[in-house]
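Fold and contact review
Now for the letters of each chain:
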Amino acid sequence: MSILVGKDTKVLVQGITGRDGSFHTKLMREYGTNVVGGVTPGKGGTTVDGLPVFNTMHEAVEKTGANASVIFVPAPFAADAIMEAADAGVELVVAITEGIPVNDMLRVVRFLEEKGTRLIGPNCPGLITPDEAKLGILPGQIFKRGPVGVISRSGTLTYEIVSHLTANGLGQSTAIGIGGDPIIGSKFIDLLKLFKDDPETEAVVLIGEIGGTDEQDAAEYIKSEFNKPVVAFIAGRTAPPEKRMGHAGAIISGSSGTAEEKIKAFNAAGVPVAAEPAEVATLLKEKLGK
Amino acid sequence: MKLLEYSSKEVLKRYGLPIQPGEVAKTVEEVEKILDNLKFPVVIKAQVPVGGRGKAGGVKLAHDKAEALEKAKAILGMQIKGITVKKVLVTEAVDIDKEIYAGVVVDRRTKRPVVMVSSEGGVDIEEVARTKPEAIHKYAVDPILGFPAYKARELAFKVVDDPKLAIKFSSNLVKLYNAFLGLDAQLAEINPFVIDKSGDLWAVDAKVIVDDNALFRHPDIEKMRDMDYENLEELEAKKYGLSFVALDGYVGCMVNGAGLAMATMDIIKKYGGDPANFLDVGGSSNPEKVTKAMEIILKDENVKSIYVNIFGGITRCDDIAKGLIEAFSNMEVKVPVVIRLTGTNEELGKKMLEESGLPLVTASTMAEGARKAIELAKG
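Reference entry: report on the structure contained in this document. (Residues numbered from 1 in each chain as written. Chains lettered and ligands numbered in written order. Predicted model: local features only at pLDDT ≥ 70, side-chain atom pairs only at ≥ 80, totals over all residues. Heavy atoms only, no water.)

1. What about the packing of helix H2 (residues 28-35) of chain B against helix H3 (residues 65-75) of chain B?
In helix packing, the relevant descriptors are the interaxial angle and the interaxial distance, both defined with respect to the helix axes. Residues and elements named next belong to chain B. Inclusion rule: Comment: axis = line fitted to C-alpha atoms, over the contacting stretch for helices; angle = value between 0 and 180 degrees taken between N-to-C directions. Helix and strand labels come from DSSP, where a helix needs a run of H or I of at least four residues and a strand needs a run of E of at least two; each type is numbered from the N terminus. Here a crossing is taken to be left-handed if its near helix is turned anticlockwise relative to the far helix by less than a right angle, and right-handed if that turn runs clockwise. Two residues qualify as a contact provided that any one of their heavy atoms is within 4.5 Å of a heavy atom in the partner residue. Residue classes follow a fixed rule: Ala, Val, Leu, Ile, Met, Phe, Trp, Tyr, Cys and Pro count as nonpolar, while Asp, Glu, Lys and Arg count as charged, and any other residue, Gly among them, counts as polar.
Between H2 and H3, the least distance of the axes is 10 Å, while the angle of their chain directions is 145 degrees. Once H2 is placed against H3, the crossing between them reads as right-handed. Mapping the contact onto sequence places Val28, Val31, Glu32 and Leu35 in H2 and Lys65, Ala68, Leu69, Ala72 and Lys73 in H3. When grouped by side-chain class, the residues that make up the contact of H2 with H3 number 6 nonpolar, no polar and 3 charged.

2. Quick word on the pairing of strand E17 (residues 305-312) of chain B
All names here are of chain B. We count it as follows: For every residue, the accessible area obtained with a 1.4 Å probe (protein chains only) is divided by the maximum for its type, and the residue is called buried under 20%, exposed over 50%, and partly exposed between those limits. Strand pairing is assigned whenever DSSP detects at least two bridges linking the two strands.
Within E17, 8 of the 8 residues are buried, leaving the element largely enclosed by the surrounding structure. The two faces of E17 match: Ser305, Tyr307, Asn309 and Phe311 on one face and Ile306, Val308, Ile310 and Gly312 on the other face are all buried. With 5 bridges connecting them, strand E15 (residues 251-255) and E17 associate as parallel partners. Bridging from a neighbouring strand, Val255 pairs with Asn309 of E17. As paired strands, E17 and strand E18 (residues 337-343) are joined by 7 bridges and run parallel to one another. Looking at E18, one finds that Tyr307 is bridged to Val338.

3. What to know about the sheet that holds strand E7 (residues 118-120) of chain A
Residue and element names in this part refer to chain A. An order of E3-E4-E2-E1-E5-E6-E7 is seen for the 7 strands of this open sheet, with the pairing classed as mixed. If you trace the sheet from one side to the other, it starts and ends with strand E3 (47-48) and E7, each paired once. Sheet topology places E3 next to strand E4 (residues 51-54); 2 bridges connect them, and they run antiparallel. Its bridge partner being in E4, Thr47 is matched across the sheet by Pro52. Along the sheet face, helix H2 (residues 57-64) touches strand E1 (10-14), strand E2 (34-39), E4 and strand E5 (68-71) and points at about 155 degrees away from the line of E1.

4. Quick word on H2(A)
Residues and elements named next belong to chain A. Threshold: Regarding the arc, it is the one traced by the directions from the helix axis to the C-beta atoms.
Residues Met57, Ala60, Val61 and Thr64 constitute the buried set of H2. For H2, the angular spread of buried residues about the axis comes to 95 degrees, placing them on one side. Turned more than 90 degrees from where H2 packs its buried face, Glu62 and Lys63 sit exposed. At its buried positions, H2 is contacted by E1, E2, E4, E5 and helix H3 (75-87). Downstream of H2 by a residue or two, Gly65 has a phi angle that is positive, lying close to 70 degrees.

5. Let's talk about the pairing of E18(B)
All names here are of chain B. So the rule is basically this: By definition, the crossover connecting two strands over a helix is right-handed if that path, from the first strand to the second, turns clockwise as seen with the strands pointing away from the viewer.
Burial of E18 is extensive: 7 of the 7 residues sit out of reach of the surface. Since E17 and E18 lie parallel, the crossover through helix H11 (residues 317-330) that links them has a hand, and here it is right-handed. Inspection of the sheet shows E18 paired to strand E19 (residues 360-362) by 3 bridges, in the parallel sense. Its bridge partner being in E19, Ile339 is matched across the sheet by Thr362.

6. Focus: the packing of aromatic side chains
The condition is simple: Aromatic rings from Phe, Tyr and Trp, with only the six-membered ring used for Trp, were paired whenever their centres fell within 6.5 Å, and each pair was classed as stacked if the ring planes differed by under 30 degrees, edge-to-face if by over 60, and tilted otherwise. Consider the ring centre and the ring normal. A charge sits over the ring if Lys NZ or Arg CZ is within 6 Å of that centre and within 35 degrees of that normal.
Evaluation of the coordinates by the stated rule reveals 6 aromatic pairs over all chains. Taking 6.3 Å as the distance between ring centres and 45 degrees as the angle between the ring planes, the aromatic pair formed by A:Tyr221 and A:Phe226 counts as tilted. Each member of the pair A:Tyr221 and A:Phe226 is classed as buried. Each ring, one from B:Phe147 and one from B:Tyr177, has its centre 5.6 Å from the other, and the planes form 55 degrees; the classification is tilted. Of the two residues, B:Phe147 is situated in the loop between strand E10 (136-140) and helix H5 (149-159) and B:Tyr177 in helix H6 (residues 163-182); the sequence distance between them amounts to 30 residues. An identical accessibility class is assigned to B:Phe147 and B:Tyr177; each is buried. Its end group placed over the ring of A:Tyr221, A:Lys193 keeps NZ or CZ at 5.9 Å from the ring centre. When the ring centre of B:Tyr271 is taken as reference, the NZ or CZ atom of B:Arg371 above it lies at 5.1 Å.

7. Quick look at the interface of chain A and chain B
Worth spelling out the cut-off: Buried area adds together the accessible area that both of two parts lose upon being put together, with accessible area traced by a 1.4 Å probe. The rule for a salt bridge is simple: a side-chain nitrogen of Lys or Arg has to be within 4 Å of a carboxyl oxygen of Asp or Glu. Within 3.5 Å is the distance limit for a polar contact, defined as a pair of N or O atoms, with the added protein rule that one can donate a hydrogen and the other accept it, and that residues adjacent in sequence qualify only through two side-chain atoms.
If you look at the interface, chain A gives 62 residues, while chain B gives 50 residues. Approximately 4,300 Å² of surface area, both sides summed, lies buried where chain A meets chain B, with 56% of it carried by carbon and sulfur atoms. For the pair chain A and chain B, the interface holds 9 salt bridges. Note that B:Arg217 is salt-bridged to A:Asp104, the shortest N-O span being 2.7 Å. Inspection of the region where chain A meets chain B yields 21 residue pairs in polar contact (both at pLDDT 80 or more). Among the elements of the structure, helix H1 (19-31), helix H4 (102-115), helix H5 (156-167) and strand E13 (230-235) of chain A are those that each provide at least two residues to the side of chain A that touches chain B.

If you want it as C-alpha cells, here you go:
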C-alpha cells in the first residue's frame, strides 16, 4: 500500500501543451505514471506525445475515466483550473503552479470542501509513490520504495533529505510536497491521518519551515493520536522576521511562525527535530531501532 | 507588499473609508506648504516600514505652524529601529472619544478571511490577543457567501455602545472587507478606528499588506512601492526571478529552492559561520540567472566567501555550471567560491567546471560545503 497515488491512478495534465506541462508529462510517463490525456482550452482534438488533448475537464474525464489531475497552468488561470478539475469529479488535484493569488485560493479551497476533492499544493513539487506513480516534477531517481512516509513544505530540501533516506536504506511509501504557499489544499495533519491508516508506512518524516502554525497543529495531533515514529526538520532557524523567504508562506509575522516555536512543539510531542538535513536519516534509524 | 500608512490610507479611501485631510512630505519646506491647507492642531507622523514609531517619538501633535515645523524637523531624519525617517504624514488631529480596532486578515489555519474587531483600539493587537483575548471578536467569512451586513452589525454592537454609531461603524467594516477583497490584501487593518467627540468616525492609522502574488492585477499599487525604503538589491533580484533577502553575515549563498536555501543559511550558522543572504535561484534556472545572482551577492562588501549549493531536480547542474563560468568571465570574483553540485546532469556540470579551470572549491555534501565556505571566509 501507499497513499493517494499508485498504479490505479489515471492522470490528466492541465496545461499539457505548455512548456512545463509537456516536458513533465514525458518524465511522468517515463517513470511509469499512467497519464491518459490532457486539457488545454482551445487545443482540443490535438495530441501531445500520442496523448489526446481536450478542451474541457468534463470532456476529458468522461472520455478517459481519469481520477486525478496535475496542473501546470500559469498562475493567473490556475485557480480556475483547479475548480474545473474538482467540478469534473476527479478525486485528487495536484497544483504545481507557483504564484496563485491567496484570495483566489480562499475561494478554491471553499469550493473543494463542498466537492470533496483533495488538493495537493499549490506551489509544490507534487507527490510520488516509488515504482508506481509520480504526479509532479520530483526527480524519480532519488526515491526508493520502502516504509517511510514523507510530507514536506519544500521541494529541493525534500530531495536533499530523501536522498539521505534512500542512501541509508530507508525507502519511501509515498512522498508528498504540500507546497510553500500560505493557503494550501492539504496540510501535514490531513496527510498524517492517511499515513496512520496505511499499513506499509512504518514511520513519517515531516519537513517544515517558518510561517504559520501547521507544524504546531501536526505536533498536537501526533501527541494525541498518531502512533508511528515521526522525525522532523524545520528550515529557517536563522530567518529574520517579516521577510518572505522565497515561499509566500515562509514568513514570520509578528511573533508567530518562528522555527523555535515549531521545534518546541515537536519536542513536546516526542518528535525529534534534526539539526541539519543529513541528521533526519540518522534520527529515524534510531527511532526504528535499525 | 507592505504599504506605508499614507499609501494604505490612499487605497482605503477609494473604498469609502473615512480618512482625515493630510499629505505626505519629505522636507520641512513641503510640510510648511501642506500646513496652509490644514486646520490646527495637526499630527506629524513618521512614515517608516516598522512598528513602534509612537514609542520612538515618531508621532507628534502640534498646535501651530512654528510647533509643527519644529516637530517635523525633529522627526525627519531620526532613527526608528535602525531605519532613517525619510518622510512624514501631516494630518489634522482628531478629538478622540473612543478607539476601536478593525482588521481583516487571511487566517491560514481555517483558510478563511477573518474580520476582527476589538474595543481595545490603538494598541498592538497581538498584545491584546495575549493579555485580553476576550476583548477580540472575530468572524470567519465564507468567501463564496461574502461578509453579510448583519454579521458586520453583530460585531459592531460588541464594541460600540451607541446604537447609531454602531451601525455607522458596521457599514465601515463592510467597506473594509470590500477593500481587503478588491485590493487582494493579506491584511487590511485600521488601528485605531476613532470615534471623535462629535460622533464622526476616522481611520486614524491604517496598514495594508497586498499579496505579492496578486500584484500582476494591481499595477497601480505596484507603483506605490516606496523606493525610499526598499532594498534595491532585493528589487533587482526580483526582476530576474530570483528571491533574495539581505542579511548581516559574511558567507554569501546561492541555492536552488526556498527550503534548501533556508536550510543552507541554518547549516552555515550551525557550523559557526554567518550567512550574508538568502538567495533562491529558482526552479528552471537558466545560466543568466546564475550570473545575475553572483553579481548581486558580490555587491555586498561583507561577503568573504560564497557557497553555491545545488540539488538538481528541474534545475540542471550543467546550467548552473554554465552560469558560473559566464559569471567568472564577466566579473572579478575576489572571494573564494565553494560549490556543491548534485542531482540532474551532475556529471556533465562537474566536468564543465573542471575543464574551465576556475578556482572553485568543491564539496560532496551540504555540510562539507558549509564548513569549507566558513573556513575560507575566515582566511
